[in-house]
Amino acid sequence: MIRLLLADDHPVVRAGLRAVLDAEPDFAIVAEAATAERAVELAAAGRLDVVLMDLQFGAGLHGAEATARIAALDEAPRVLVLTTYDTDADILAAVEAGASGYLLKDAPPEELAAAVRTAASGRSALAPAIALRLMDRLRAPSEALSRRELEVLQLVRDGLSNAEIARQLFLSQATIKSHLVHIYAKLGVDSRTSAVAQAHQRGLLRPR
């Protein structure tokens, strides 16, 4: 049996996932978590094979941070991110945190079940659209924003000044300015407003 933990802050979503996954003869849902912190606690307790992890949990630990903590555990279960977000910022954060897979919540039940089995076997389970985005980044690395550049641009979008961004990311203002120069060049723009608009158009940043 593949032992599963459902980590999502919406009870209706967890109920829907349970209804779908309970129909699979080789799955056993052994726990649920409404917060990312609780998901980490349950993963640390052991007896899990795969954690289905949302990315947004309201005011608490982010799903990518929880994924990193789980991945660092001894005999860690695999983490399969299941979210509504397909932006580069979210995908990179999850993959770099150690997620074994990334799936969107509108995936059909058979695709979800297959992804769980793939992740449990230790292989990568990426939705086709997610795999395509990552391949596009690999094909044109000089044009792709790094995770740090995406973090900077997200904070620009949120209205923070260079000084505020520097404080939040524990970097110097000169470093932030350097990141912005690279962002402008990669996006082919010359202002903060244009950079944010272009990033949204390309699906790099999550809408507010």
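Everything below is about the structure printed above this text.
Cut-offs applied
Residues numbered from 1 in each chain as written. Predicted model: local features only at pLDDT ≥ 70, side-chain atom pairs only at ≥ 80, totals over all residues. Heavy atoms only, no water. Salt bridge = Lys/Arg side-chain N within 4 Å of Asp/Glu carboxyl O. Buried < 20%, exposed > 50% of the residue type's maximum accessible area, 1.4 Å probe, protein only. Helix = DSSP H or I, 4+ residues; strand = E, 2+ residues; numbered from the N terminus. Polar contact = N/O pair within 3.5 Å; in protein donor to acceptor, adjacent residues only side chain to side chain. Contact = heavy atoms within 4.5 Å.

**Some thoughts on the pattern of salt bridges**
If charged atoms from side chains of opposite charge come close, those side chains can pair.
Okay, so step 1: Evaluation of the coordinates by the stated rule reveals 13 salt bridges.
Okay, so step 2: Residue D22 is joined to R18 by a salt bridge in which the shortest nitrogen-to-oxygen separation is 3.9 Å.
Okay, so step 3: Overall, the relative accessible area of 28% leaves R18 in the partly exposed class.
Okay, so step 4: Among the ionic pairs, R157 bridges to D158, the shortest N-O distance being 3.0 Å.
Okay, so step 5: For R157, a relative accessible area of 12% corresponds to the buried category.
Okay, so step 6: Among the residues examined, D158 registers a relative accessible area of 37% and is labelled partly exposed.
Okay, so step 7: It is possible to trace a salt-bridge network through shared partners that takes in R14, R18, D22 and E32.

**Some thoughts on the side chain of D8**
Okay, so step 1: Locating D8 in the fold gives a position in the loop between β1 (2-7) and α1 (11-21).
Okay, so step 2: There is a polar contact of 2.8 Å between the side chain of D8 and the side chain of K105.
Okay, so step 3: The contacts of D8, once residues within four sequence positions are left out, are V13, R14, A33, A34, D54, F57 and K105.

Scope: geometric values only; no functional claims are made or implied.
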